[in-house]
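Overview (structure and organization)
If you want the building blocks of each chain, they are given just below.
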Amino acid sequence: MSFSAIAKRSFSSAQFRKPVIALMSGSTREGSVNTQLIYAAEIVAKGLGAETKVLDLGNYDMPVYNQDFEATSGLPKAAQQLKAELESADGWIVASPEYNGFVTPLLVNALTWCSRGDPDGEMYATFKGKSAVVLSASPGAMGGMRSLNPNRELLTNLGVSVLPDSVAVGGAFGAFDDSGTLSNDKQKAMLQAAVEKLYYQGRDVANREATCNMIKTHLVGQYGEAGVA
Ligand SMILES: Cc1cc2nc3c(=O)[nH]c(=O)nc-3n(C[C@H](O)[C@H](O)[C@H](O)COP(=O)(O)O)c2cc1C
């Protein structure tokens, strides 16, 4: 019996699910080109079959991180909500403007709060097992590309597997067409490739348990013996 026949016979589709991709812009500026890039990436992710959720940092109002504040007041509600949203996604797409060669304070602050508040022994729980793609956009020619490495480094320090593909969109004030996608074919292809890799990674993560169960139960048995099916 073929693998797909076993899958059809033995598993309801409820056990397998679409990957959920969370998308977040490091800018809340009205007309932000990084937010536009996030929506362009969302179009690609949806086209691949992902479920998506755009997390607008403007909806998560948090004070600048301060350890004394945390000690007396704990995690702000907004940080708890953002953590929960990020945790429930299988992969993340994070775009940030380049501010003085770095990512934005808004993004650093949000991620700093999200790095806190886990039970003892579970540091960085929000970030565990997550994969991400980092993006940037700028009206400048270099597309804010100096923000990519700090973005990558910060997420990696927190335990995220940041995929090698990234996209920096230069001349971003004129980079998007009316439908919200990138007009430049080369940039479009790079975004497609990056989001595709994240989608497949996220799909594996989302269905890892169901896939392992199917293989164990129907293909090789609990202890690896062949021919159980
Ligand atoms: C504090 C600050 C620093 C900036 N530094 C850079 C920079 O280093 N490189 C760059 O390309 N643009 C820089 N810019 C310009 C931003 O790329 C531009 O404002 C961009 O539109 C911000 O992204 P957004 O449209 O997503 O908000 C800076 C802007 C600000 C406000």
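Residues numbered from 1 in each chain as written. Predicted model: local features only at pLDDT ≥ 70, side-chain atom pairs only at ≥ 80, totals over all residues. Heavy atoms only, no water.

**Thoughts on unusual backbone geometry**
Unusually for a residue other than glycine, Asn 100 sits at a positive phi of about 50 degrees. Assignment of secondary structure puts Asn 100 in the loop between strand S3 (91-95) and helix H5 (105-114). One non-glycine residue, Tyr 124, lies in the positive phi region at around 65 degrees. (Helix = DSSP H or I, 4+ residues; strand = E, 2+ residues; numbered from the N terminus.)

**Examining the domain arrangement of the protein chain**
According to the domain assignment, the protein chain consists of domain 1 (1-16 + 208-229) and domain 2 (18-206). Just the C-alpha atoms count here: the centres of domain 1 and domain 2 sit 35 Å apart. (Domains from an automatic or database assignment.)

**Some thoughts on helix H6 (residues 148-157)**
Among all positions of H6, only Leu 148, Pro 150, Asn 151, Arg 152 and Leu 155 are buried. Considering only its buried residues, H6 is in contact with S3, H5, strand S4 (131-137) and strand S5 (161-169). Positive phi shows up at Gly 159, right after H6, with a value of about 105 degrees. (Buried < 20%, exposed > 50% of the residue type's maximum accessible area, 1.4 Å probe, protein only. Contact = heavy atoms within 4.5 Å.)

**Overview of the site of the ligand**
Looking at the ligand, there are 14 residues lining it, with Ser 27, Arg 29, Ser 32, Asn 34 and Ser 138 nearest. At 3.2 Å, a backbone N or O of Gly 101 approaches an oxygen atom of the ligand. For the ligand, an oxygen atom lies 2.8 Å from a polar atom in the side chain of Ser 138. Isolated, the ligand exposes 620 Å² of accessible area, and the fraction of that covered by the protein chains is 69%. Looking at the shell around the ligand residue by residue, the class counts come to five nonpolar, six polar and three charged. (Near = heavy atom within 4 Å. Polar contact = N/O pair within 3.5 Å; in protein donor to acceptor, adjacent residues only side chain to side chain. Areas by Shrake-Rupley, 256 points an atom, 1.4 Å probe, with all protein chains shown as cover. Nonpolar A, V, L, I, M, F, W, Y, C, P; charged D, E, K, R; others polar.)

**Some words on helix H8 (residues 208-220)**
All of the buried residues along H8 are Ala 210, Met 214 and His 218. Each buried residue of H8 sits inside an arc of 30 degrees when the element is viewed along its axis, so together they form one side. Of the residues flanking the end of H8, it is Gly 221, one or two places downstream, whose phi is positive at about 80 degrees. (Arc of directions from axis to C-beta.)

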